[in-house]
Amino acid sequence: MNSDSLKQRARDLLAQAGVAIDGPDPTDLRVHHEGFYARVFAHGTLGLGESYMDGWWDAADLAGFFTRVLRANLDDALTTIDTLLAHLKARLINVQRGAHAWEVGRRHYDLGNDLFAAMLGKRLVYSCGYWARAQDLDQAQEDKLDLICRKLNLKPGQRVLDVGCGWGEALKFAAERYGVAGVGITVSAEQAAYSRELCAGLPIEIRLQDYREVDERFDAVLSVGMFEHVGAKNHRTWFEMARRCVIDDGLVLLHSIGSHATVTRPDPWIDRYIFPNSLIPNASQVAHALEGLFVVEDWHNFGADYDLTLQAWRANFDAAWPALHGRYDERFRRMWLFYLSCSAAIFRSRRDQLWQLTLSPRGVMGGFRVPR
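Residues numbered from 1 in each chain as written. Predicted model: local features only at pLDDT ≥ 70, side-chain atom pairs only at ≥ 80, totals over all residues. Heavy atoms only, no water.

### What to know about the pattern of salt bridges
- Under the counting rule described, the total for this entry stands at 25 salt bridges.
- A salt bridge links E50 to R272; the shortest N-O distance between them is 3.1 Å. Note that E50 is positioned in helix α2 (residues 36-53) and R272 in helix α11 (residues 268-273), a separation of 222 residues in sequence.
- With its nearest N and O atoms 3.0 Å apart, the salt bridge here joins D307 to R348. A residue pair is termed long-range when its members are at least 10 positions apart, and D307 in helix α13 (residues 304-324) and R348 in helix α14 (residues 330-348) qualify at 41 residues.
- One network of salt bridges, with partners in common, ties together R39, E50, D54, R272 and R331. (Salt bridge = Lys/Arg side-chain N within 4 Å of Asp/Glu carboxyl O. Helix = DSSP H or I, 4+ residues; strand = E, 2+ residues; numbered from the N terminus.)

And the structure:
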């Protein structure tokens, strides 16, 4: 197809989502390079993301543009060879085992603590906040950490395992507010170093360790924003780890993004530039993986709160850019904006959810009233 035909095809496709090319609305597309159309139709979402990084197109309201596109399911029309290769890779190779399990730490979480400190707010908590009563990001994150502690029914003197502990904020909060001790594990060297400094003086041990290697008992197990990197082939292994590590009358809290549909492959752009070897779980996969190991005491969905969280991160990132741009170039800035905006749209469109599962090994006698 020639350039004019591809442009008309794009116009017709975008019209289904109420988006125009070079139109007046903030969600409309403004194309700066005529090669944009061929690149997107040849490479799908990978071409869309890379062409944005290269400055070939813009939208004043990028998250709004993506929301319209996702609500209209236009991404289904962009299946390309890159999509098929991603599907085959996810199906044939266990890309979350061995050395692959450490790749997301090196390529994403080790990008720079200055970046994450600027974006995430008062606490370096890189997961969805809880906005039920919060008016700002810092309060939403504190409310989320407190909600987790209350769901786990933490008591002074207990010992807690944090699987994928990030920068140590959850363990620090639990130790200071609820009097517990703990162990945190991560595959990010930068996170481990920061966590050890953050938690200095508290009864907390931070390890650079794969979750499969942990084999000791704890009163409670929590995991916040790590399960998305486990992969469907390893879900059962994750829950087996949690079961052997929690005492018989303890509780497990799993906080994870989840999809309403079966996801068989990562998005090619996200896989290449943001979260390598990661895959969003769906409900049936999770339920099957924990079968016979845990009783689901509660399955809490507050996915719409992730849109608010991502909007706050975007505002923080924009405000901090003058101080960051000496280390990160313009292409990185556009990559990060694409990532944050597309992610906000995924939750705004309700494509993805945010789940907190509260689990017990044998069921809490008389039932467990999970806090909200």
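### What about the side chain of S360?
- With respect to the helices, strands and loops of the structure, S360 is situated in strand β9 (residues 352-360).
- On the basis of relative accessible area, S360 is assigned to the buried category, the value being 2%.
- A polar side-chain atom of S360 sits 3.1 Å from the main-chain amide nitrogen of G363.
- Aside from chain neighbours lying at most four places away, what touches S360 is G250, L251, F294, V295 and E297. (Buried < 20%, exposed > 50% of the residue type's maximum accessible area, 1.4 Å probe, protein only. Polar contact = N/O pair within 3.5 Å; in protein donor to acceptor, adjacent residues only side chain to side chain. Contact = heavy atoms within 4.5 Å.)

### Comments concerning the environment of R212
- Relative to the assigned elements, R212 resides in the loop between β5 (204-208) and β6 (218-224).
- Between the C-alpha atoms of R212 and G231, which are 19 residues apart in sequence, the distance is 13 Å.

### Structural notes on the state of the cysteines
- Using the criterion set out here, one finds zero disulfides in the structure.
- Sulfur of C128: no disulfide; nearest cysteine sulfur belongs to C342 and is 16 Å away.
- C128 gets classed as buried once you look at its relative accessible area, which sits at 0%.
- In this model C245 remains outside any disulfide bridge; the closest cysteine sulfur is found in C165, 14 Å from its own.
- Relative accessible area serves as the criterion here: at 0%, C245 is assigned to the buried category. (Disulfide = S-S within 2.5 Å.)

### A few points about the confidence of the model for the protein chain
- Averaged over every residue, the pLDDT of the protein chain is 92; the share at 70 or more is 93%.
- Confidence over residues 84-90 falls short of pLDDT 50; this stretch has 14 contacts with residues more than four positions distant or in other chains. (pLDDT = per-residue confidence, 0-100.)

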